[in-house]
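Structural characterization, general
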Amino acid sequence: MRDQIRGLHHVTSMADDARTNNHFFTNTLGLRRVKKTVNFDSPDVYHLYYGDRAGTPGTVMTYFPFPQMPRGRAGTGEVGTTVFSVPKESFGFWQERLTQLGVTGLKAEEAFGERRLNFAGPDGDGFALVEVENDPRTPWTEGGIAEDHAIRGFHSVSMRLRDEGATAELLKFMGYEELDRKNGVTRLIVPGGNGATLVDLETLPNINRAAQGAGSVHHVAFAVDNREKQLEVRKALMDTGYHVTPVIDRDYFWAIYFRTPGGVLFEIATNEPGFARDEEIDHLGEALKLPQQHKHLRAILESHLQKLDG
C-alpha cells in the first residue's frame, strides 16, 4: 500500500448553527460552498461542503451542523488542528482580516520553519494558516479574497494522541514517510501527492481523551484516485487486522471507514465522481441536493432546514 494514497481528501467536523458555519467559511475564509446536501443518517441535518471552485480533493472542509449541539471537549484521540495553505507574504493580510472580523484564538508562531497563524472557528474549532511558497493549486477568488492571499487548500492536519507509535506505523503503511520531528511533534508526508500531503502527530500522554461535539473533527479522509485503488487499500488494511466498513456510496465519492489505534476515525475516499455529478460547476452548492433515499422528504426538509446566505 505504497502509492494509492494521494494525501488528504476532506475533513469533516460538527457545528451547532448552519448559517453561522456557512458565513464563516464563505465570507470570513472566502471558500466556495460546493455542495448543500444532508447527512445520510440524519437527513434533518445539513451536510455542507466548502473548498475551491470544483471541490478538488485536498481542499474540502465539510460540516454537519446539529442545531444546539454542545461544544466538544478538546483532548487526545482527535484531529486537533486543521491547517490551510496560503501564499507567502499573505500573513499580514490574514492577521488583519481575522482580527477585524472578530475571529478569536489568534496566535502567530513558527513551526517546522513555517510561519503559522492559529485561530478558532465559530465553535472553537482549531484552525491555522501556513504560508507556503509556490503552492500551485488554484484558489477560489469569488469569495472576496484576492488570489495573492486566498486559501489554496489543506496544508495538513494535526492529530493529538496519547501515544503516536501505532498511528505513525499505520500512516507509514499507508505510504507516508517521516519528514521531521520537533518539540514533541512528528511530521509525516506522502511523496508526490495532491498538495495536501502532511500529517502532524502530537504526543500528549497526560491529556484526557476528547469528547466530540460542536467544533470537533468527526473524521479525516484520505484521497485515492478511484474505486480500484480504494479496494486495494481496503484489502491491505483488512489483511493487517483493521476492521474496515464496506464501500459506501456518498454520491460525490465512495468511502470506507476505520478507527485508528489512536482513536481518530479515518476515511478513504475516491476522487471520483466529484461534486459536478449533479450540478453544473458554475452553480455548485446553490441548490439543496438530496441522496436518493431522502428525495421523497424534499418538501419537509426544505421547510425544516435553516435558510443559508448565498
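Residues numbered from 1 in each chain as written. Predicted model: local features only at pLDDT ≥ 70, side-chain atom pairs only at ≥ 80, totals over all residues. Heavy atoms only, no water.

Under the annotation held in an unreviewed UniProt entry, the protein carries the name Ring-cleaving dioxygenase MhqO and is attributed to Sinorhizobium americanum.

**Notes on the overall build of the protein**
Basically, it comes down to this: Helix numbers and strand numbers start at the N terminus; a helix is a DSSP run of H or I with at least 4 residues, a strand a run of E with at least 2. With a 1.4 Å probe rolled over the protein chains alone, any residue whose accessible area is under 20% of its type maximum counts as buried; one over 50% counts as exposed, and the rest are partly exposed. Residues are treated as being in contact if the distance between any of their heavy atoms lies within 4.5 Å. All accessibility values rest on the Shrake-Rupley procedure with a 1.4 Å probe; residue burial counts only the protein chains present in the view. In this charge count, Lys and Arg are treated as positive and Asp and Glu as negative; neither His nor the chain ends contribute. A charged residue contributes its charge at one atom only: NZ of Lys, CZ of Arg, CG of Asp or CD of Glu.
Within the protein, the regular secondary structure consists of five helices and 16 strands. Within the protein, the fraction of its 310 residues that count as buried is 55%. When contacts within the protein are restricted to residue pairs at least 6 apart in sequence, those whose partners lie at least 24 apart make up 67%. Summed over all atoms, the accessible surface of the protein reaches about 13400 Å², with 47% contributed by carbon and sulfur. The average position of the 35 basic charges and that of the 43 acidic charges among the side chains of the protein differ by 3 Å.

**Notes on the nonpolar core**
Counted only if it meets this: Nonpolar cores are built from buried Ala, Val, Leu, Ile, Met, Phe, Trp, Tyr and Cys residues. Side-chain atoms within 4.5 Å join them into one set.
Counting 61 residues, the largest nonpolar core has Leu29, Met159, Met174, Val220, Phe222 and Phe266 as the members making the most contacts within it. Setting aside chain neighbours within four positions, we find Val220 in contact with Leu8, His10, Val11, Val79, Val157, Met159, Val264, Leu265, Phe266 and Glu267. Judged by nonpolar contacts, the second largest core, of 12 residues, contains Tyr49, Ala221, Ala269 and Leu284.

**Some remarks on the pairing of strand β8 (residues 126–132)**
The line we're drawing: For two strands to count as paired, DSSP must find a minimum of two bridges between them.
Burial within β8 is extensive, with five of its seven residues counted as buried. Strand direction decides the pairing type here: strand β5 (residues 78–87) and β8, joined by six bridges, are parallel. Within the sheet, the bridge partner assigned to Ser85 lies in β8 and is Val130. Sheet analysis places strand β7 (residues 114–120) next to β8, joined by five bridges and oriented antiparallel. Counted as the bridge partner of Phe119 is Phe127 from β8.

**Brief notes about the side chain of Glu114**
Definition in use: Polar contacts, as counted here, are pairs of nitrogen or oxygen atoms within 3.5 Å of one another; within protein the pair requires one atom able to donate a hydrogen and one able to accept it, and residues that are adjacent in sequence qualify only if both atoms are side-chain atoms.
As for its placement among the helices and strands, Glu114 is situated in strand β7. In this structure the side chain of Glu114 is engaged in a polar contact, spanning 3.0 Å, whose partner is the side chain of Arg187.

**Details of the pattern of salt bridges**
To be explicit about the condition: Take a side-chain nitrogen of Lys or Arg and a carboxyl oxygen of Asp or Glu: if they are within 4 Å of each other, that pair is a salt bridge.
Taken as a whole and assessed by the stated rule, the structure comprises 16 salt bridges. For the salt bridge of Asp135 with Arg137, the shortest nitrogen-to-oxygen distance reads 2.8 Å. For the pair formed by Asp135 and Arg137, the shared burial category is buried. Note that Arg181 is salt-bridged to Glu164, the shortest N-O span being 3.3 Å. Separated by 17 residues along the polypeptide, Arg181 in strand β10 (residues 177–182) and Glu164 in the loop between β9 (153–161) and α3 (165–173) bring together distant segments of the chain. Since its relative accessible area comes to 48%, Arg181 is described here as partly exposed. Taken together, the salt bridges that share partners define one network made up of Glu164, Glu169, Lys172, Glu178 and Arg181.

**Focus: the sheet that holds strand β1 (residues 8–15)**
This is how it is decided: In this analysis, axes come from line fits to C-alpha atoms, helices being fitted only over the stretch in contact, and the angle between any two N-to-C directions falls in the range 0 to 180 degrees.
Overall, mixed pairing links the eight strands, which are arranged β2-β3-β4-β1-β13-β16-β15-β14 in an open sheet. The open sheet terminates on both sides in strands that have one partner only, identified here as β2 (32–38) and β14 (248–249). By the bridge criterion, six bridges tie strand β15 (residues 253–259) to strand β16 (residues 265–273) in an arrangement that is antiparallel. Considered in β16, the bridge of Arg259 is made with Leu265. Most of the contacts of helix α1 (residues 18–28) go to strand β3 (residues 46–51), to which it runs at about 5°, and overall it touches β1, β2, β3 and β4 (60–65).

**Quick look at α3**
Along an α-helix, residues three or four positions apart point the same way, because every turn accommodates 3.6 residues. The following threshold applies: Directions are taken from the helix axis to each C-beta atom, and the arc is the one they span.
Regarding α3, the residues found buried are Thr167, Ala168, Leu170 and Leu171. Taken around the axis of α3, the buried residues stretch over an arc of 160°, which confines them to a single face. Positioned one or two residues after α3, Gly175 has a phi angle of 110°, which is positive.

**Looking at unusual backbone geometry**
The step from Glu272 to Pro273 runs through a cis peptide bond, and the omega angle for that step is -5°. Structurally, the position occupied by Pro273 is in strand β16. For Phe112, which is not a glycine, the phi torsion comes out positive at approximately 50°. Owing to a relative accessible area of 17%, Phe112 belongs among the buried residues under this scheme. If you check the backbone angles, Asn134 has positive phi at about 60° while not being a glycine. With respect to the secondary-structure elements, Asn134 resides in the loop between β8 and β9.

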